[in-house]
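# Reading the structure
The lines below spell out each chain.
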Amino acid sequence: MPVATNDGVDIYYEVDGPSNAETVVLIEGLGYGRWMWRWQREALAEHYETIVVDNRGTGESDAPAGPYSIAEMAADVEAVLADRGVERAHLIGASMGGMIVQQYAIEYDRAASIALLCSSLGGEEAPAASPEVQARMVAEPEGHDEREVIRHRMAPAMTDEFPERNDDLIERIVDWRLTQDADDAARESQLAAVGAFDAADRLGEIDAPALVAHGTADRVLPVENAELLADGLSDARLELFDGGPHLFFIEQADAVNETLLDFLGEQAAGRHGGDGDR
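Throughout what follows, the structure given in this document is the object of discussion. (Residues numbered from 1 in each chain as written. Predicted model: local features only at pLDDT ≥ 70, side-chain atom pairs only at ≥ 80, totals over all residues. Heavy atoms only, no water.)

## Let's talk about the packing of aromatic side chains
Heads up, the rule is: Two rings from Phe, Tyr or Trp (for Trp, the six-membered ring) form a pair when their centres are within 6.5 Å of each other. A pair whose planes differ by under 30 degrees is stacked, one over 60 is edge-to-face, and the rest are tilted. Burial classes follow relative accessibility: with a 1.4 Å probe on protein chains only, a residue under 20% of its type's maximum area counts as buried, one over 50% as exposed, and anything between as partly exposed. For a lysine, the NZ atom is tested; for an arginine, the CZ atom; a charge sits over a ring if that atom is within 6 Å of the ring centre and within 35 degrees of the ring normal.
Applying the stated criterion across every chain yields a total of eight aromatic pairs. Relative to Phe 248, the ring of Phe 241 has its centre 5.1 Å away and its plane inclined at 40°; by these criteria the two rings are tilted. We note that Phe 241, like Phe 248, is buried. Connected via pairs of aromatic rings, a cluster forms that spans Tyr 32, Trp 35, Trp 39 and Trp 176. When the ring centre of Trp 176 is taken as origin, the NZ or CZ atom of Arg 38, which lies over that ring, is 4.0 Å away. Positioned over the ring face of Tyr 68 is Arg 56, at 5.7 Å from the centre of the ring.

Below, the structure written as structure tokens:
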């Protein structure tokens, strides 16, 4: 069980794929465990060493008292890469994970490229979910058991049709969430980090090539967030997925994986020579 330590906090991570290949790091969203990347891990691990990091408060990582900050979680990623001995890596983050990736690329020098899925630059100018969606995501409907509450809260992150057509999969996702996701206290600590995050004035400091990918029907973080990110980054490729919800990387996994592999391939093709670093 690989574990890195940052300032006394143990951070768990998992490694797949060939160890002699370039490294891709996958960073989870708010409260979500490693399960959220199962649609991308297999496809990426055919070509890359993949590292999936449990954010503090999630999965097997420690859950210190909060609130947390995005800077702390970026430092956790740095601890993982140092522990693994990775000098350069491609970082992919979804939602809050994209915020962590932005912070990481600003503060540290190991990012060869970044991919920001359904994410936001934070701050006052970033479009937020409607009040109705925000209320749905924290609701505890009367008479609902724990599994029903998870399904109810998760609905805005998906298209209306997806749960209807994939009930068995949704039940498996609920199982994974019950065993891997952050508990209520840790989720609140992560939520505080999201609320305080604002990279609007620092995006220009990121010089790593960036992929910004977003679903056009995202109700959690509206697609305008992607446009702001792409405008603020110095070297960004914007890919919009028609009709995609917040969890578009699950609902449109094949297309997302193709885009990620194409972007990562572009980075390899664009380099002149190699430095031998993993």
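## Topic: the sheet that holds strand E1 (residues 3-6)
Heads up, the condition is: Strand pairing is defined by DSSP finding a minimum of two bridges between the two strands. Numbering of helices and strands starts at the N terminus; helices are DSSP runs of H or I of at least 4 residues and strands are runs of E of at least 2. With axes taken as lines fitted to C-alpha atoms, and helix axes fitted only over the stretch in contact, angles between N-to-C directions fall between 0 and 180 degrees.
Pairing in this open sheet of eight strands is mixed, and the strands run E1-E2-E4-E3-E5-E6-E7-E8 from one edge to the other. Each of the sheet's edge strands pairs with one partner strand only, and the pair in question is E1 and strand E8 (236-241). Neighbouring strand axes in the sheet, compared pairwise and without regard to direction, differ in orientation by 20° on average.

## A short note on the pattern of salt bridges
Here is the rule: A carboxyl oxygen of Asp or Glu within 4 Å of a side-chain nitrogen of Lys or Arg is what we treat as a salt bridge.
Inspection of every chain in the model, using the stated rule, returns 20 salt bridges. Across the pair Asp 16 and Arg 41 runs a salt bridge, and its minimum N-O distance is 2.6 Å. Placement of Asp 16 in strand E2 (residues 9-16) and of Arg 41 in helix H1 (residues 38-45) is noted, with a sequence separation of 25 residues between them. The class of Asp 16 is partly exposed, set by a relative accessible area of 29%. Under the relative-accessibility criterion, Arg 41 is labelled buried at 15%. Note that Glu 107 and Arg 202 form a salt bridge whose closest N and O atoms lie 3.0 Å from each other. Within this pair, whereas Glu 107 is found in helix H3 (residues 96-107), its partner Arg 202 is found in the loop between helix H8 (184-196) and strand E7 (210-215), the two being separated by 95 residues in sequence. What makes Glu 107 partly exposed here is its relative accessible area of 42%. Taken together, the shared-partner salt bridges connect Glu 14, Asp 16, Arg 34, Arg 41 and Asp 54 into one network.

## Overview of the layout of surface pockets
The following threshold applies: A cavity, in this analysis, means grid points on a 1 Å lattice covering only the protein atoms where a 1.4 Å probe fits yet has no way out; a pocket is instead an open set bounded by protein on both sides within 12 Å along at least five of seven lines, and a residue lines either one if it has an atom within 4 Å of a point. Grid points are joined across faces, edges and corners, and a volume is the space filled by probe spheres set on the points. When residues are sorted by character, Ala, Val, Leu, Ile, Met, Phe, Trp, Tyr, Cys and Pro go into the nonpolar class, Asp, Glu, Lys and Arg into the charged class, and all the rest, Gly among them, into the polar class.
The space that makes up the largest pocket amounts to roughly 1200 Å³. Leu 30, Met 137, Val 138, Arg 187 and Leu 191 are the residues nearest the centre of the largest pocket, which is lined by 43 residues in total. Those elements giving two or more residues to the lining of the largest pocket turn out to be H3, helix H5 (146-154), helix H7 (167-180) and H8. For the lining of the largest pocket, the class distribution of residues is 26 nonpolar, nine polar and eight charged.

## Looking at the side chain of Glu 78
Note the cut-off: Polar contact is the term for a pair of N or O atoms within 3.5 Å; when the atoms are in protein, one must be able to donate a hydrogen and the other to accept it, and sequence-neighboring residues count only if both atoms are side-chain atoms. Here a residue-residue contact requires only that any non-hydrogen atoms of the pair lie within 4.5 Å.
Relative to the helices and strands, Glu 78 is located in helix H2 (residues 70-84). Among the polar contacts listed, one links the side chain of Glu 78 to the side chain of Tyr 104, at a separation of 2.5 Å. Beyond its immediate stretch of four places on either side in the chain, Glu 78 contacts Tyr 104, Tyr 108 and Arg 110.

## Some thoughts on H7
We count it as follows: For a helix, the expected span equals 1.5 Å multiplied by the residue count minus one. What the arc describes is the spread of directions from the helix axis to the C-beta atoms.
In a regular helix each residue adds 1.5 Å, so 14 residues correspond to 20 Å; H7 covers 20 Å between its end C-alpha atoms and thus fits that length. Within H7 the residues assigned to the buried category are Leu 169, Ile 170, Ile 173, Val 174, Trp 176, Arg 177 and Gln 180. What you see down the axis of H7 is that its buried residues fit within an arc of 165°, all on one side. In H7, the exposed positions that point more than 90 degrees away from the buried face belong to Asp 168 and Thr 179. The inward-facing, buried residues of H7 contact H1, H5 and helix H6 (161-165).

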